[in-house]
Amino acid sequence: MTPFRRHLRQTLTIARRDFTATVFTPIFLLFLFAPIIMLSFSLIGGLGAANATRGTAAKQRLVLLLPADDARAVMAADARQRTLPDDDRAPPRLVAHPVTGDTAAQARAMLDGHGAVGGISVAAVLHGALDRPVVSYAAGDRDEARYLAALARDAALVRRAGAPALAEPVLERVATAAPSAGGRDASAFGAVFGIFFLTLFLSGQVVGTMAEERNNKVIEVLAAAVPLESVFLGKLLGMFGVAVLFVAFWGTVVSQAGAFLPGDLGAGLRQLSPAVGAGPFALLFAAYFATAYLLLGSIFLGVGAQASTMREIQMLSLPVTIVQVAMFALASAGASDPDGWLAIGTQLFPLSSPYAMAGRAAALPGLWPHALALLWQLVWVAIFITVGARLFRRGVLQSGSAKPAWRRLFARG
Amino acid sequence: MSSHPSAVVADGLVKRFGDRRVVDGVDLVVPRGAIYGVLGPNGAGKTTTLRMLLGIIEPDEGERILLGARHPRDAGDRVGYLPEERGLYPAMKAREAIAFMGALRGLDWATGRARAAEMLEAAGLGHAVDEKIRKLSKGMAQLVQLLGSVVHRPDLIVLDEPFSGLDPVNQERLEALILAERDRGATILFSTHVMAHAQRLCDRLAVIAGGRRRFEGTVDEARGLLPPQVRYVPHHTDAALADLLPGDATRDGDSWRFQLPAEGIEGLLTRLIAAGYGIAGLAIERPGLHEAFVRIVGEAAAASGPATVTERAA
């Protein structure tokens, strides 16, 4: 058997062990269904926030202190304008209040709380007359005041024009052959974010796998039989298999759920069509997810191999995560201009390259840069694995008491 | 590659950890088909030597040949190894653990599983085939790991302190297993600091102390380093008896021990009888490996000073 085939076999043996040891456990189900838990909490949080928003709007009023004709004209304008924003951003209910003297003083008294009834407060008051309107508002309610001002302007314009008949516009959706520039930008950002989210969520698992071998002292058996590079790669591939299983499961679920989306939302998603075409983009997205996982996983693996306790693992993982977030930020910034210097930089820098190139696939046609990029990223995976294995060999294997390389950096003397 | 006459050759192996030369020029030649012991006190450099031979760590100086291969990895599938620090995945079943270790060395999983069941049965662990490692006792887990290191029927088996942690029954099982593997044609290289096992098993042995090889030869040659010991029991003992006995004589209860004089013991016995001490008991004993080991290691310590490792300026 050639050395390559022997190493491949050993790598796959270790990958298989790690995959089965992870997947065939009850804990894996918890991991697999973690997104449901996350989604549930997000929904609960979203409902809470929506309730809070609606509750605030329900407990506020906009008040008109105008002559009766003016108040009717403004109420009619409110009826026209209120349909524009969606329910969550709808302004508070508008009420007309009888004028009892100095409207400015009356408005101040209302805003000061004297006009509040049953816990309902006044956000803004339109007073005076339509030909010289004044809007008074409480601090923090500037948007409500601007809404009242817009109503006053609308009512005054309608009155000046002699109340022409208003035609009801027809809404017509037009199917476009080519995606819009905005749609491409959105799909580029979506690609960057998708890979970032998946790798952030999944690659962290790799960090503790070498600690398992060290704690169980299995590493000596592995190191005697298998080159450390094969051990590292095998562990990485094993956990990548777990990640692929996870993505395949949820990808299937989400793709089926997409059939139940409302028509407009489906059409909106179609606007996200990537520049290289849907089929090649799907393949490239999968490839960049793989390289992003392997790149980040190889670093996590190398870092985790140096640590001997969970506390050390967490301490050492944090800087890697911060770097990953930084790479995501840079790749996102470059996604809208894939030929700009920032984008080119992030496409070349190995840690940000998968994100940035996924964004490029969404924004620009042309496949050959992706072949080069994938090759470039795989070279760096090999480099990270080799460096990680060497650090492990020198820092941990040569002596049970030897300090890891990162500790020796800070050792005195 | 495999036609090399020796299973293992180590030539001037050196390993430094920082400024310490933990292994300081060790030479070993292990004949094929032999049971070879590497003996030495704690911290002598035995484990580091074995790890260098197996390629787990690289020597700073020197060369090694394993089953004819200049790099140990090239002979990896024909080597079995039981490390000093035992390690298995606790969640794995015994059968799977053995098959996994075989798979690392090139044995296919199905064959590994089948052999594992047979070997566990033969080792008296048939009931534990599908038990998880975490449910086994320490000794049973150790036997499982040992079986895992030989499941692929290697040509060379390296065992680092294989008897430590085993009860007498399992020690006997292990000795039987080592002899069976030798009969199969395998070469066995093991380290220990328990002389009884080495004396019973080894065809040849090396004593390492202070990172250096201090002796190499057969068990008989090691025992031959010391002259025979005389154990003499007189009818009675008084102060004058010590003057008649050799200068190295030491009292041990009713008996006295001393080295067999170079000129023989007949003259001494004649004088003792004439002085009225008589002979209540007399034995001439060959020193065991234990005594030879203590002497070799003691001489090494005396030569190296109080430390058991050789230290040099960096």
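Per an unreviewed UniProt entry, the recorded name for chain B is ABC transporter ATP-binding protein, and the organism is Sphingomonas ginsenosidimutans. Turning to chain B, the UniProt annotation filed under Sequence similarities (unreviewed entry) states: "Belongs to the ABC transporter superfamily."

You'll find chain A entered in an unreviewed UniProt entry as ABC-2 type transporter transmembrane domain-containing protein, with Sphingomonas ginsenosidimutans given as the organism. Under the UniProt heading Subcellular location (unreviewed entry), the entry covering chain A gives this text: "Membrane".

On to the side chain of Arg73 of chain B. Mapped onto the elements of the fold, Arg73 of chain B is located in the loop between strand S4 (61–66) and strand S5 (79–82). The buried charged residue Arg73 of chain B lacks any salt bridge, with Glu58 of chain B as its nearest oppositely charged partner at 6.4 Å. From its side chain, Arg73 of chain B meets the backbone oxygen of Gly55 of chain B in a polar contact 3.4 Å long. Residues contacting Arg73 of chain B, with those up to four places away along its chain left out, are Arg6, Ala223, Ala224, Ala225, Val226 and Pro227 of chain A together with Gly55 of chain B.

Moving on, we come to the packing of helix H2 (residues 94–104) of chain B against helix H3 (residues 109–122) of chain B. All names here are of chain B. Between H2 and H3, whose axes approach to 8 Å, the crossing angle comes to 130°. The orientation of H2 with respect to H3, classified from their angle, is oblique. Considering the relative orientation of H2 and H3, their crossing is right-handed. Along its contact with H2, which presents Ala94, Arg95, Glu96, Ile98, Ala99, Phe100 and Ala103, the element H3 presents Trp109, Gly112, Arg113, Ala116, Ala117 and Leu120. Partitioned by chemical class, the residues of the contact of H2 with H3 number nine nonpolar, one polar and three charged.

Let us look at the sheet that holds strand S8 (residues 204–209) of chain B. All names here are of chain B. If you walk across this open sheet you meet the six strands as S5-S6-S7-S3-S8-S9, and the pairing is mixed. Edge positions in the sheet fall to S5 and strand S9 (212–217), since each has one partner strand and no second. Averaged over all adjacent pairs, the angle separating strand axes in this sheet is 15°, with direction ignored. As judged from the four bridges shared by strand S3 (residues 35–39) and S8, these two strands associate in the parallel manner. Bridging from a neighbouring strand, Gly37 pairs with Leu205 of S8. With respect to the sheet, helix H4 (residues 138–150) is in contact with S5 and strand S6 (156–160), its orientation differing from that of S5 by roughly 165°.

What follows covers helix H14 (residues 341–348) of chain A. Residue and element names in this part refer to chain A. Turning to H14, its buried residues are Ala343, Thr346 and Gln347. Taken end-on, H14 shows its buried residues confined to a sector of 105°, consistent with a single buried face. Along H14, the residues that are exposed and aim more than 90 degrees away from the buried face are Trp341 and Leu348. Looking at the buried side of H14, the elements it contacts are helix H13 (310–335) and helix H15 (353–363).

Residue and element names in this part refer to chain B. Summary statistics for chain B give a mean pLDDT of 88 and a share of 95% for residues scoring 70 or more. Below a pLDDT of 50 lies the segment residues 306–314, which in the model reaches 15 contacts outside its immediate sequence neighbourhood of four places, other chains included. For this predicted complex, the interface score ipTM comes out at 0.80, alongside a pTM of 0.75.

Definitions and cut-offs
Residues numbered from 1 in each chain as written. Chains lettered and ligands numbered in written order. Predicted model: local features only at pLDDT ≥ 70, side-chain atom pairs only at ≥ 80, totals over all residues. Heavy atoms only, no water. UniProt positions renumbered as here; feature names shortened; annotations may be inferred. Helix = DSSP H or I, 4+ residues; strand = E, 2+ residues; numbered from the N terminus. Buried < 20%, exposed > 50% of the residue type's maximum accessible area, 1.4 Å probe, protein only. Lys, Arg positive; Asp, Glu negative; His and termini not counted. Salt bridge = Lys/Arg side-chain N within 4 Å of Asp/Glu carboxyl O. Polar contact = N/O pair within 3.5 Å; in protein donor to acceptor, adjacent residues only side chain to side chain. Contact = heavy atoms within 4.5 Å. Axes fitted to C-alpha atoms, helices over the stretch in contact; angles between N-to-C directions. Parallel < 35°, antiparallel > 145°, perpendicular 65-115°, else oblique. Left-handed = near helix turned anticlockwise from the far one by under 90°. Nonpolar A, V, L, I, M, F, W, Y, C, P; charged D, E, K, R; others polar. Pairing = 2+ DSSP bridges. Arc of directions from axis to C-beta. pLDDT = per-residue confidence, 0-100.

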